[in-house]
Every structure is written in C-alpha cells, then in structure tokens.
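Understanding the architecture of this molecule
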Amino acid sequence: MTTLTIRTPDDWHLHFRDGDMLTETVPATARCFQRAIVMPNLAPPVVNATLAMAYKERILAARPAGSTFEPLMTLYLTNATTGQDIIDAKAVGVVAAKLYPAGATTNSSAAVTDLEAMYPIFDVMAEQGMLLLVHGEVTDHHIDIFDREKVFIDQKMSKIVAAFPHLKVVFEHITTSDAAHFVNDASDNVAATITPQHLLLNRNDLLVGGVRPHNFCLPVLKRNTHQAVLRQMVQSGSPKFFLGTDSAPHAKEAKENACGCAGCYSAWSAIELYAHVFEELGALDKLEGFASDHGADFYGLPRNEGTITLMRQEWTLPEEIILPDGRPIVPFFAGQQVSWKLQN
Ligand code: NCD
Ligand code: ZN
C-alpha cells in the first residue's frame, strides 16, 4: 500500500498554549486535524465561559489563511467551580470540563483537591450533556509515580463512573493495561484517548542509556507490558479508544533542564506516527476509526466530511523548530524517520 485516504481526523486532547505560541501550535494541528479538544491549563486556567470564548477567539485568529479548523473548548474544574459555570459554558458551546487532581501535571496547582466535593458539579454536567475529561493520576507523595494511574482507578475513577452512569467520561492519555481494561469493561459512556508516545514507547525509551527528557510526559511512560496492551486495544478497533495526541509544547531549555517539564510536542508528526503504529500492528484499516470516527461518535458530534491522504514516504523529523519568540523547541521523535507523510 502506498497511499492511505481516511476521513479527516480530529485530535481529542492537546495543549495549544497561548500568546505568540499559538502561531506555531495552531497551524501545526490545523495541517491535518479538522477539530481539536483544547486543554484549559493556561496560567491562569480557563475556568469560565468568558475566558473560554476569549481563548477560542485567540486560537481562531492564529489559524492559517483559509483554514476551517475548529477548536473545541473545555473548562478547567477547580474547587470553586459552580453549577452555573457549567450551564453558562455549555450555553456558549464549551463541550467538556477537565478534571486535574491538584499538582498532577503542568499548570495544575489551581485544580481540584477534594474529588467528592465535585459530585454536585458532575450532576450538573450529566444533566447538561457536558463531558468529563479526566487526568487519571493520584498525587499522594507516598504513591509511586508508576502506580498513580492504577491507584486513581481503584480509589477515584471506579467511584465516579459508578455514581454517574449518565455522565460521559473520557479517561485521558491512558498508559496502563489497568486503564485499558477498565475502559474496555466499562459502560458505553466511558472511553479513552491514547497518545502516540504511549503507543510507540515504553519507559526504557525514557531511561536506558541516559535520561531522554523529550520522551518525558505525564502520565509517565510505563513498562513494555502496558504498552503492549494499549497497542492491542487500538488494534482491536474498539470504539472506546480514540486519538488524543496530548501534544504539549515546552521550549528546549525547559525540557533539557535539571527539573525538566513534562510534555511531548507531537503535532507536526502526529497522524504520521499513528499510521506508523497501525502499520506495525497490521491494522492500517483501523486507523480511520481511531483517528476520525470514534471520538466524534463518543462526543455526539458529526463525523467530518473531508478526507486526508497519507503517502508511504520516508522522511526525517527536524531536530529543532524555532518558536515565535525565537527559542528552539525539540519536536517529539526529532531526527527519527517516519514512513508515512501527509499529502498537502
Ligand atoms: C501537559 C502540559 O505540558 O500541559 N503535559 C504532559 O506531560 N502531558 C499536561 C498534561 O496533559 O498532563
Ligand atoms: Zn494533556
């Protein structure tokens, strides 16, 4: 097979950042994705309808000329979020709210400290048809970083899903066989996104032969047995799993640092990297479902009408990209070869 045409895909989880950075990140995603779920972890975070709409305008202004790319906005849940915040956000088209346990990841210090105190908000979300997007890791110091997703399932996620059967929940960027099986066995109202890095890599790629800061993201890469289960799930074609890159840019100096930031900037090669994985799995026929159908169906949005075409062509990702502020950034998979390329 030398070309592959699929329905235009969407990215159901990414970080655009703000300001100047948008002129880098928005075109990178708009090159092949029609829509994207935009994470609200700005500093300060996007906590209400007004902030979400203002952010949406800044993203729209950064689109390349002629682009019809559509950002789908989300709200950042805090201890202070009210039911009225949810109603107001829904009324202006915000589709989902993101739950970060406080301290779990980049810009999450303002986030939720007591999950059960959020239950009245989850009730309003279920009534309003607003999705709950979950960063599924506990943050207790005594819990090993490699176990934080599993402990979150046991202590929190299983309870939320049981208490709110009508709430649509996306378990974001899953990394473990525990999360994959949890989602697979849950009701149709529970789904998950999977990133390219968690399909392509495991923790050896982070730590063997020296620390690789550009492969560091949260939730952190796990052992290869977990990676294998994530790959099986996408290979199965199950509609519960869909594309969410978690593309999360940090400048080179912030990654190659004594205390390096978490996040992989994958937007420039995302669809190609997923194609690479599906080809390795002998499942290129399942790429369209994962990239273009399952997410839209789960969100209750129409599937896109256009198509994109990928060509079988070896190309090498650049070692660096220069950000609008002049600083370099190292894209995910920098300097490595990919065997599919988007046809422009
Ligand atoms: C994300 C970021 O940098 O905003 N980082 C990451 O490693 N994924 C935050 C997140 O999604 O956890
Ligand atoms: Zn993210």
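Just above sits the structure.
Note that the coordinates shown come from a computational prediction; the quantities given were computed from them, not determined experimentally.

Structural notes on the packing of aromatic side chains
Throughout the structure, instances matching the rule amount to 13 aromatic pairs. Plain terms: the ring middles of Trp12 and Tyr299 are 4.5 Å apart, the flat faces sit at 25° to each other, and that makes the pair stacked. In this pair, Trp12 sits in strand S2 (residues 11–14) while Tyr299 sits in helix H12 (residues 287–299), placing the two residues 287 residues apart along the sequence. When its relative accessible area of 1% is taken as the criterion, Trp12 is described as buried. The interplanar angle of 45° and the centroid separation of 5.3 Å between the aromatic rings of Phe278 and Phe290 together place this pair among those described as tilted. With Phe278 in helix H11 (residues 270–280) and Phe290 in helix H12, the pair connects residues that are twelve residues apart, well separated along the chain. Phe290 carries the same exposure label as Phe278, and that label is buried. When the ring centre of Phe146 is taken as origin, the NZ or CZ atom of Arg203, which lies over that ring, is 4.6 Å away. For the cation-ring pair, Lys341 lies above Trp315, with the distance from its terminal atom to the ring centre recorded as 4.4 Å.

Examining the nonpolar core
One broad rule of soluble globular proteins: the nonpolar side chains tend to lie buried together. Of all hydrophobic cores here, the largest spans 97 residues; its most connected members are Leu77, Phe122 and Leu132. Of all the elements, H11 adds the most residues to this core, at seven residues. If we skip the residues at most four places from it in the chain, Leu77 touches Ile86, Ala97, Lys98, Leu99, Ala111, Val112, Met118, Ile121, Phe122 and Leu132.

Quick notes on the site of ligand 1
Contacts to ligand 1 come from 15 residues, most closely from Arg17, Thr105, Leu218, Asp246 and His250. Measuring from an oxygen atom of ligand 1, one finds a backbone N or O atom of Leu218 at 2.8 Å. With respect to ligand 1, the side chain of Asp246 contributes an N or O atom lying 2.7 Å from a nitrogen atom. For ligand 1, whose accessible area on its own is 310 Å², the fraction buried by protein is 100%. Each residue belonging to the shell around ligand 1 can be placed in one class, and the counts come to four nonpolar, nine polar and two charged.

What counts as what
Residues numbered from 1 in each chain as written. Chains lettered and ligands numbered in written order. Predicted model: local features only at pLDDT ≥ 70, side-chain atom pairs only at ≥ 80, totals over all residues. Heavy atoms only, no water. Phe/Tyr/Trp six-rings, centres within 6.5 Å; stacked < 30°, edge-to-face > 60°. Helix = DSSP H or I, 4+ residues; strand = E, 2+ residues; numbered from the N terminus. Buried < 20%, exposed > 50% of the residue type's maximum accessible area, 1.4 Å probe, protein only. Lys NZ or Arg CZ within 6 Å of the ring centre and 35° of its normal. Core = buried A, V, L, I, M, F, W, Y, C linked by side-chain atoms within 4.5 Å. Contact = heavy atoms within 4.5 Å. Near = heavy atom within 4 Å. Polar contact = N/O pair within 3.5 Å; in protein donor to acceptor, adjacent residues only side chain to side chain. Areas by Shrake-Rupley, 256 points an atom, 1.4 Å probe, with all protein chains shown as cover. Nonpolar A, V, L, I, M, F, W, Y, C, P; charged D, E, K, R; others polar.

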